[in-house]
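Next come the chains, spelled out residue by residue.
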Amino acid sequence: MAGVLDSVNQRTQLVGKNRLELLTFRLNGPQIYGINVFKVREILQTPKLTEIPESHPVIRGTAYIRGRTIPVIDLALAMGNSKPTDMEGSFIVISEYNMTVQGFLVRAVERIINMNWEDILPPPSGLGSRHYLTSITRFENRLIEILDVEKILSEVAPRPDDVSEAIVEKVKEQRPEVFRVLIVDDSSVARKQIKKAVEAIGAETVLLNDGAAAYNHLLELANQGTKVPEHYYVLISDVEMPEMDGYTLTAKIRSNPDLKDLYVMLHTSLSGVFNQSMVEKVGADDFLAKFQPDVLAERVLVHKR
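Residues numbered from 1 in each chain as written. Predicted model: local features only at pLDDT ≥ 70, side-chain atom pairs only at ≥ 80, totals over all residues. Heavy atoms only, no water.

## Quick word on the sheet that holds strand β2 (residues 32–36)
- Read across the open sheet, the 5 strands follow the order β8-β1-β2-β10-β9; overall the sheet is mixed. The open sheet has two free edges, formed respectively by β8 (108–116) and β9 (133–139), since each of these has just one partner strand. Going from strand to strand, the sheet's axes swing by 35° on average, the running direction of each strand aside.
- Sheet analysis places β2 next to strand β10 (residues 142–147), joined by 3 bridges and oriented parallel. Within the sheet, the bridge partner assigned to Tyr33 lies in β10 and is Glu145. (Pairing = 2+ DSSP bridges. Helix = DSSP H or I, 4+ residues; strand = E, 2+ residues; numbered from the N terminus. Axes fitted to C-alpha atoms, helices over the stretch in contact; angles between N-to-C directions.)

## Overview of the pattern of salt bridges
- Counted under the stated rule, the structure contains 19 salt bridges.
- Residue Arg66 is joined to Glu42 by a salt bridge in which the shortest nitrogen-to-oxygen separation is 2.7 Å. Taken together, the residues span a long stretch of sequence, with Arg66 in the loop between β4 (59–65) and β5 (68–74) and Glu42 in strand β3 (residues 40–45) at a distance of 24 residues.
- Salt bridges linked by common partners bring Glu150, Asp185, Asp238 and Lys290 together as one network. (Salt bridge = Lys/Arg side-chain N within 4 Å of Asp/Glu carboxyl O.)

## Topic: the sheet that holds β3
- In spatial order, the strands read β3-β6-β7-β5-β4; together these 5 strands make up an open sheet with mixed pairing. Across the chains shown, the open sheet's two edge strands, defined by having one partner strand only, are β3 and β4. Neighbour-to-neighbour, the strand axes of the sheet open up by a mean angle of 30°, direction not taken into account.
- When β3 meets strand β6 (residues 91–97), the two strands line up antiparallel, connected through 5 bridges. When the bridges of β6 are listed, Gln45 appears paired with Phe91.
- Together, β4, β5, β6 and β7 (100–106) form the strand contacts of helix α3 (residues 149–156), whose direction differs from that of β7 by roughly 100°. (Contact = heavy atoms within 4.5 Å.)

## Some details on the layout of surface pockets
- By volume, the second largest pocket is sized at about 290 Å³.
- Residue lining of the second largest pocket: 19 residues in total, with Leu153, Ser154, Ala157, Pro158 and Arg159 positioned closest to the centre.
- The element that contributes the greatest number of residues to the lining of the second largest pocket is α3, accounting for 4 residues.
- Considering only residue class, the lining of the second largest pocket consists of 11 nonpolar, 5 polar and 3 charged. (1 Å grid on protein atoms, 1.4 Å probe; cavity = no way out; pocket = protein on both sides within 12 Å on 5 of 7 lines; lining within 4 Å. Points joined across faces, edges and corners; volume = space filled by probe spheres on them. Nonpolar A, V, L, I, M, F, W, Y, C, P; charged D, E, K, R; others polar.)

## Things to note about the environment of Arg41
- Position of Arg41 relative to the elements: it lies in strand β3.
- Remark: the alpha-carbon pair of Arg41 and Gln102, spanning 61 residues in sequence, is separated by 9.9 Å.
- Reaching out from Arg41, the side chain makes a polar contact with the side chain of Glu96 at a distance of 3.1 Å. (Polar contact = N/O pair within 3.5 Å; in protein donor to acceptor, adjacent residues only side chain to side chain.)

## Examining the packing of helix α6 (residues 211–223) against helix α8 (residues 246–254)
- Two elements in contact, α6 and α8, have axes separated by 9 Å at closest approach and are oriented at 20°. As summarised for this structure, α6 and α8 are arranged roughly parallel, according to the angle between their axes. Here α6 and α8 pass one another in a crossing that is right-handed. Contacts from Gly211, Ala214, Tyr215 and Leu218 in α6 reach Leu249, Lys252 and Ile253 in α8.
- A per-class count over the contact of α6 with α8 returns 5 nonpolar, 1 polar and 1 charged. (Parallel < 35°, antiparallel > 145°, perpendicular 65-115°, else oblique. Left-handed = near helix turned anticlockwise from the far one by under 90°.)

## Details of the side chain of Thr250
- Within the secondary structure layout, Thr250 lies in helix α8.
- A distance of 2.8 Å separates the side chain of Thr250 from the backbone oxygen of Gly246, its partner in a polar contact.

## Some remarks on the confidence of the model for the chain
- Considering every residue of the chain, the mean pLDDT works out to 86; 89% of them sit at 70 or more.
- Looking across the chain, the model is least confident in helix α1 (residues 8–12), with a mean pLDDT of 42, and most confident in strand β11 (residues 180–184), with 97.
- Residue range residues 1–13 is modelled with pLDDT below 50. Its contacts to residues more than four positions away, or to other chains, number 22 contacts. (pLDDT = per-residue confidence, 0-100.)

## Some words on the pairing of β5
- With 6 bridges connecting them, β4 and β5 associate as antiparallel partners. Bridge pairing links Gly61 to Val72 in β5.
- The antiparallel hairpin formed by β4 and β5 contains 2 residues in its connecting segment, where Arg66 sits at a positive phi of about 50°.
- The sheet contact formed by β5 and β7 spans 3 bridges and is parallel. For Ile73, the partnering residue across the bridge sits in β7 and is Phe104.

## Let's talk about α8
- Along α8, the positions that sit buried rather than exposed are Gly246, Tyr247, Thr248, Leu249, Thr250 and Ile253.
- The N-cap of α8, judged by a side-chain oxygen 3.2 Å from the amide nitrogen of Tyr247 a few residues on, is Asp245. (Buried < 20%, exposed > 50% of the residue type's maximum accessible area, 1.4 Å probe, protein only.)

## Things to note about unusual backbone geometry
- Omega for the bond connecting Lys290 with Phe291 falls within 30 degrees of zero, at -25°, which places this linkage in the cis form.
- Tracing the chain through its elements places Phe291 in the loop between β15 (286–289) and α10 (293–300).
- The backbone of Arg66 sits at a positive phi, close to 50°, despite the residue not being glycine.
- The class of Arg66 is exposed, set by a relative accessible area of 67%.
- Even without a glycine there, the phi angle at Asn141 is positive, about 65°.
- Among the structural elements, Asn141 can be located in the loop between β9 and β10.
- Residue Asn141 is classed as exposed on the basis of its relative accessible area of 72%.

Written as structure tokens, this is what we have:
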């Protein structure tokens, strides 16, 4: 697994081309799951873990890796499987989400696949609210379920999502007359968090769950004669989304004369040294790592028309 991650330069070539790479793996059964390779630091054979008294039941322990102690989450248990993963012969996927590093215990690692976001689809309707998927796809006639890691982490290690009273008071005088915010994110948890944060400072919100839906919505407004950059004060978009990712959405907005002046903030759990070059390449106005409610509230009000 030493060569599982390519260079930053190779990965940034995918930006604006609506493509992604998925690391695929199995848990306790035959089903294949996937997460974006951008979020993966490395993959290791499971080392000896140190148990943590009174920790969340899905945390199997901690591993000391490259000078830091990392909690290890049993993904099968986190998703409701009653059987713990057998650690013999298993792997830990070291990942970075929302500025935190954790290990995900998986039974087997399959491969990395290169996909087009147009082939990544929302989960079927009717699954209810308890599932842990942001999207699904097919590869070589096999169904791949792409995990909503943000939902898993919010249940295992919830973080504060309220904007502080100090920030609410601080930004009160900065609110624009038209303060309508378009939020685009495929994670239901993330959408609710962002909505809560910007509504706390007085915004009206519209929520959509993928880039294609957002772009079509903006085009429809423009075709009706609406001046989109005046209608929406800011667009806050995730990067990873089915059908059209946030980078492609931003690039398409910038290439459309009716939309190009819309202020776009990319708000994502992706992190790493490549982010700034990606943001500059597609022409986003701002980038913010999830999830920092006070910082988000302040940054939303930074720009002026």
